[in-house]
Amino acid sequence: MPSQSSDVLIIGAGIAGLVAAHECLDNGRSVTLVDRHDENRVGGLARTAFGGMALVGTALQKRLGIRDTPEIALSDWLSFAEFTDEDEWPRRWAEYYVEQSGERVFDWLRDKGLRFMPAVNWVERGDFVPGNSVPRYHLLWGTGLGLVDRFIGLLAEHKNRDKLRYVFNCRVDDLITEDGRVAGCRGEIEPTGETREFRGGVTIVATGGINGNLDKVRVHWSEAPEELLNGSHPYCNGHLHDVVERHGGVVTHLENMWNYAAGIPHPQPHFDSPRTEPDSLQVGFVAGSYGPAHRPDAARYGVRYPRDVQTTGRAREAVELAAAQLAHCRQGIRYLRFRAQSAHSRQPIAAVPQGNVVRQPPSRPADAGRE
Ligand SMILES: Cc1cc2nc3c(=O)[nH]c(=O)nc-3n(C[C@H](O)[C@H](O)[C@H](O)COP(=O)(O)OP(=O)(O)OC[C@H]3O[C@@H](n4cnc5c(N)ncnc54)[C@H](O)[C@@H]3O)c2cc1C
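In short, a report on the structure. (Residues numbered from 1 in each chain as written. Predicted model: local features only at pLDDT ≥ 70, side-chain atom pairs only at ≥ 80, totals over all residues.)

Observations regarding the overall build of the protein chain
Consideration 1: A count of helical and extended segments in the protein chain gives nine helices and eleven strands.
Consideration 2: Counting across all 371 residues of the protein chain, residues that qualify as buried make up 34%.
Consideration 3: For the protein chain, contacts bridging at least 24 residues in sequence account for 68% of all contacts bridging at least 6. (Helix = DSSP H or I, 4+ residues; strand = E, 2+ residues; numbered from the N terminus. Buried ≥ 20, exposed ≤ 12 C-beta atoms within 10 Å, placed from the backbone. Contact = placed C-beta atoms within 7 Å.)

Here it is in structure tokens:
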């Protein structure tokens, strides 16, 4: 079986894999980046993401007169995180993130040439328990696609770019273990059926979440509504989660999914797979009213899930709400430009041709880079 090796093997060329690859090249390591998608979908889910990031104590917050500190942010986080005594690592991550996100996300992305919108949104304030007590949701200029494009470019022009090798259309099926450690992975080049092995001094699994696999979602969400829409992609199926677990890795907290209630079927789904529902079109997802309780266990707070919107004829209401929420974004961004043709979500609504995300971000306004 053909085999190739590098210092670092990364499975998954989503934004996590791309950023990891960039760090490795910076440190002079050779990298193999393997993905099941073809090269047109490099970047994974981030290609369609809004690009909002909760960041703490940034220069932009200061400029807008928002006082935010790691202590305030940690207190907010602990208010809705529902950590138990066993959650030592999640707690440590929260502590680390609130301390570091200003410098290691905001400043770092700006150093990479990315810019943020000159406003900070105040989302997830918490409907049922207190959430964010100050605005800290920073919007990346160019949305998630801008982020992906930038990192593809950074890798392409990196001084160590010769050390990077992409492998597309390869479905990784298993990890290879030797002497009690992970030594690589094996998979199949799907268009040809050829099996391949990849070896790495270090192997990083960056294959995303489980939400492209609605059966798996239901396993971890016992009270899931009958009707679920898939806003992810079919390759995000959690297979590597199972593989990692089988090889002794620890996988936890799969029940803590982030699901949106305001979804309606997409009139032009990106994926046509018998295993998934049509893509969903998300509306209203910048709502300040979203609370941390929008989670699988939210039923106990009395929150009703997508049925609200999808089966009770409230699609028009959701679309109008989204439009109203976005009306204040006057910086030339047209995230949503569609009309509800029907009050019932089962009938299609008209959408911008590429869905709900602007593919080509408009040119940056003069003040977008001044934070
Ligand atoms: C509409 C939308 C809006 C969003 N908005 C935001 C936002 O504003 N802010 C925010 O922080 N997040 C947002 N998100 C979430 C965010 O986009 C994701 O959390 C993030 O992009 C996940 O990145 P990832 O690299 O971990 O995984 P993914 O993007 O899922 O990438 C995983 C990659 O692994 C590959 N892969 C999977 N299995 C295999 C296999 N067996 N073999 C080979 N390759 C495999 C896949 O093909 C994929 O390319 C949004 C998501 C959506 C859908």
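A few points about the pairing of strand β5 (residues 137–140)
Consideration 1: As judged from the three bridges shared by strand β3 (residues 52–54) and β5, these two strands associate in the antiparallel manner. Across the sheet, the residue bridging to A54 is Y137, located in β5.
Consideration 2: Two elements, strand β4 (residues 116–121) and β5, share three bridges in a ladder whose sense is antiparallel. Counted as the bridge partner of V120 is H138 from β5. (Pairing = 2+ DSSP bridges.)

A word on the sheet that holds strand β8 (residues 181–189)
Consideration 1: Taken in spatial order, the six strands of this open sheet run β6-β2-β1-β9-β8-β7, and their pairing is mixed. Because the sheet does not close on itself, it has two edges, and the strands there are β6 (164–167) and β7 (170–178). Across the sheet, the axes of successive neighbouring strands diverge by a mean angle of 40 degrees, strand direction being ignored.
Consideration 2: Direction of pairing for β8 relative to strand β9 (residues 194–205): antiparallel, over a ladder of six bridges. Residue pairing for β9: R186 is matched across the bridge by E197.
Consideration 3: Strand contacts of helix α7 (residues 239–246): β1 (3–11), β7 and β9, with the helix running at about 10 degrees to β7, the strand carrying the most contacts. (Axes fitted to C-alpha atoms, helices over the stretch in contact; angles between N-to-C directions.)

Details of the site of the ligand
Consideration 1: Neighbouring the ligand are 34 residues; G12, G14, G44, F50 and G208 lie closest to it.
Consideration 2: Going through the elements one at a time, α1 (15–26), β3, β7 and α7 are the ones with two or more residues in the shell around the ligand.
Consideration 3: Classifying every residue of the shell around the ligand gives 16 nonpolar, 15 polar and three charged. (Near = placed C-beta within 6 Å. Nonpolar A, V, L, I, M, F, W, Y, C, P; charged D, E, K, R; others polar.)

Focus: the nonpolar core
Consideration 1: In terms of nonpolar packing, the biggest core is built from 45 residues, with I10, I11, A21, V31, L33 and V148 touching the most fellow members.
Consideration 2: Contributing elements (two or more residues each) for this core: β1, α1, β2 (31–34), β4, β5, α5 (143–156), β7 and β9.
Consideration 3: Ranked by residues supplied to this core, first place goes to α1 with six residues.
Consideration 4: Apart from the residues within four sequence positions on either side, I11 is in contact with V34, V172, C185, I204, V205, A206, T207 and L240.
Consideration 5: With seven residues, the next largest nonpolar core counts A54, V56, A73 and W77 among its residues. (Core = buried A, V, L, I, M, F, W, Y, C linked by C-beta atoms within 7 Å.)

Some words on the packing of α1 against α5
Consideration 1: Contact pair α1 / α5: the axes reach a minimum separation of 10 Å and the direction vectors enclose 30 degrees. Of the possible angle classes, the one that applies to α1 and α5 is roughly parallel. The chirality of how α1 crosses α5 is left-handed. In this structure, α1 contributes I15, L18, V19, A21, H22 and L25 to the contact, and α5 contributes L147, V148, F151, I152, L154 and L155.
Consideration 2: Within the contact of α1 with α5, the residues separate by chemical class into eleven nonpolar, one polar and no charged. (Parallel < 35°, antiparallel > 145°, perpendicular 65-115°, else oblique. Left-handed = near helix turned anticlockwise from the far one by under 90°.)

So, unusual backbone geometry
Consideration 1: Positive phi is not limited to glycine here, since E124 has a value of about 50 degrees.
Consideration 2: On the secondary structure map, E124 appears in the loop between β4 and β5.
Consideration 3: Unusually for a residue other than glycine, T143 sits at a positive phi of about 55 degrees.

Comments concerning α5
Consideration 1: Compared with an ideal rise of 1.5 Å per residue, which puts 14 residues at 20 Å, α5 spans 20 Å between its outermost C-alpha atoms and is within 8% of the ideal.
Consideration 2: Residues T143, G144, L145, L147, V148, F151 and L155 constitute the buried set of α5.
Consideration 3: At its buried positions, α5 is contacted by α1, β5 and β6. (Expected span 1.5 Å × (residues − 1).)

Section: the sheet that holds β4
Consideration 1: Overall, antiparallel pairing links the three strands, which are arranged β3-β5-β4 in an open sheet. Of all strands in the sheet, those bounded by a partner on one side alone are β3 and β4. The sheet shows a mean angle of 30 degrees between the axes of neighbouring strands, taken without regard to direction.

Some words on the pairing of β1
Consideration 1: Of the pairings in the sheet, the one linking β1 to β9 comprises eight bridges and is parallel in character. Bridge pairing in β9 places S6 opposite G200.
Consideration 2: For the handedness criterion, the β-α-β arrangement of β1, α1 and β2 is classed as right-handed. (Right-handed = clockwise from strand over helix to strand, strands pointing away.)

What about the environment of P265?
Consideration 1: One can find P265 in strand β10 (residues 263–265).
Consideration 2: For the pair P265 and N230, spaced 35 residues apart in sequence, the C-alpha separation works out to 8.9 Å.

Comments concerning the environment of S101
Consideration 1: Here S101 shows up in helix α4 (residues 88–111).
Consideration 2: For the pair S101 and V56, spaced 45 residues apart in sequence, the C-alpha to C-alpha distance is 6.0 Å.
Consideration 3: In this view, S101 contacts L55, V56 and F106; residues no more than four positions away in its chain are not counted.

Observations regarding α4
Consideration 1: Relative to the 34 Å expected for 24 residues at 1.5 Å per residue, α4 spans 32 Å between its end C-alpha atoms, a close match to the ideal helical length.
Consideration 2: Residues V98, S101, G102 and F106 constitute the buried set of α4.
Consideration 3: Buried residues belonging to α4 abut α3 (70–81) and β5.
Consideration 4: Directly beyond the C-terminal end of α4, a positive phi value near 95 degrees is found at G113.

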